[in-house]
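Geometric and topological summary
Now for the letters of each chain:
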Amino acid sequence: MRNHLIILVTIAFLTPQISSAMLFGGSNYLSAKSLVSGEPSTQITYMGWIYGTTTTSAANVIISIAHGGGNNSYLRAQTLTSIRFVLTIGGALRTVNTTGGNYNTNKWNHLAGTWDGTKMTVYINGASTTSLTITGTLDAYASDYKIGALAPCNPTCPIFMSGHLADVRVYNRALSQNEIRNYYYLGSASRNGLVHHWPLWNNGMDLANPLSFATTTGSVLQNRLPPVGRYRR
């Protein structure tokens, strides 16, 4: 008779800690420098952790940037049932709105928007949702990035973030579904094509471009470094 050893493995899905992530109070944001060259043009990924504390429509903005003519590109939670990913391509706004998913307020969610040159896709907590077929080239940027607010801000932003944000990233390529899923479940984030990375626990430093910093507009609160987990880079 053989003895069998059974090993039970429990995987803890580590999410950011509320006391460690940057808090946006609904009237402030971070302004982060865009690059002189090297910004995404034919592919892109926006992604970040969001803990929205309000159900107000369109109040939960992760990242945005302005283009000419008042256009913009951004990723935000539009409502409880709709995540909006917008890119300005060929002078026109291209928009993907989800019609479902498991986004909730007062809970950590991971959102991502990708464009591979032919298709825009929104991901909620590691799962792909809605897509839009579109080709072209991203318009040139006309401002710095706004983290926690909707650009353009002339002089004030029309929409602000209410809640916490953490580990906001911009890539110059479209991350695959497997890469986004692995990041959500395992904390394994690729550095291939990483253009900007703001952990939002160390004064807005851009880890992908150490000489670039995000400046605070208003009283954004910030606390200690979160535990290692999904923040591996």
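Definitions and limits used
- Residues numbered from 1 in each chain as written.
- Predicted model: local features only at pLDDT ≥ 70, side-chain atom pairs only at ≥ 80, totals over all residues.
- Heavy atoms only, no water.
- Helix = DSSP H or I, 4+ residues; strand = E, 2+ residues; numbered from the N terminus.
- Buried < 20%, exposed > 50% of the residue type's maximum accessible area, 1.4 Å probe, protein only.
- Contact = heavy atoms within 4.5 Å.
- Areas by Shrake-Rupley, 256 points an atom, 1.4 Å probe, with all protein chains shown as cover.
- Disulfide = S-S within 2.5 Å.
- Pairing = 2+ DSSP bridges.
- Arc of directions from axis to C-beta.
- Phe/Tyr/Trp six-rings, centres within 6.5 Å; stacked < 30°, edge-to-face > 60°.

Let's shift gears to the overall build of the protein. The helix and strand tally for the protein stands at one helix and 14 strands. Put simply, the protein has 233 residues, and 51% of those count as buried. The contacts in the protein between residues at least 6 apart in sequence include a share of 68% that link residues at least 24 apart. Summing over all exposed atoms, the protein offers an accessible surface of approximately 10,600 Å²; the carbon and sulfur share of this is 51%.

Right, let's get into the environment of Lys107. As for its position among the elements, Lys107 is in the loop between strand S7 (92-97) and strand S8 (109-115). If we skip the residues at most four places from it in the chain, Lys107 touches Ile50 and Tyr51.

Another point: the state of the cysteines. A full pass over the atoms with the stated rule returns one disulfide. Between the sulfur atoms of Cys153 and its disulfide partner Cys157 the distance amounts to 1.9 Å. Across the S-S bond of Cys153 and Cys157 the torsion is about 95°, and the bridge reads as right-handed.

Further remarks concern unusual backbone geometry. The linkage connecting Ala151 with the following residue, Pro152, adopts the cis geometry, with an omega of 0°. Within the chain, Asn106 stands out as a residue other than glycine whose phi angle is a positive 55°. Within the element layout of this structure, Asn106 appears in the loop between S7 and S8. Asn106 sits in the partly exposed class, given a relative accessible area of 48%.

With that out of the way, let us pick up the environment of Gly148. Tracing the backbone through its elements, the reader meets Gly148 in the loop between strand S11 (145-147) and strand S12 (162-171). You can call Gly148 buried: its relative accessible area is 0%. For the pair Gly148 and His164, spaced 16 residues apart in sequence, the C-alpha to C-alpha distance is 8.9 Å. Apart from residues lying up to four places away in sequence, Gly148 is in contact with Phe24, Asn28, Tyr29, Val61, Ile62, Ile159, Phe160, Met161 and Leu165.

This part takes up the pairing of strand S1 (residues 22-25). Covered by surrounding structure in S1 are Met22 and Phe24 only, the residues Leu23 and Gly25 on the alternate face being uncovered. Two strands pair when backbone bridges link them, and S1 and S12 are joined in this way by four bridges, in the antiparallel orientation. Bridge pairing in S12 links Leu23 to His164.

Turning our eyes to something else, we now look at helix H1 (residues 177-186). All buried positions along H1 are accounted for by Ile180, Tyr183 and Tyr184. End-on, the buried residues of H1 take up no more than an arc of 95°, which puts them together on one face. Tucked into the core, H1 has its buried residues touching strand S3 (44-52), S8, strand S9 (119-124) and S12. Positive backbone phi, at 80°, marks Gly187, one or two positions downstream of H1.

So, on to the packing of aromatic side chains. Applying the stated criterion across every chain yields a total of nine aromatic pairs. A network of ring pairs unites the aromatic residues Trp49, Tyr51, Trp108, Tyr183, Tyr184 and Tyr185 as a single cluster.

This paragraph deals with the pairing of S7. Side-chain direction in a regular strand flips from residue to residue, so the side chains alternate between the two faces of the sheet. Across six bridges, strand S6 (residues 82-89) lies against S7 in antiparallel orientation. Counted as the bridge partner of Arg84 is Asn97 from S7. With antiparallel pairing between neighbouring strands as the criterion, S6 and S7 make up a hairpin whose turn holds two residues, including Gly90 at a positive phi of roughly 60°.

Take it as geometry only, folks, not as evidence of what the structure does.
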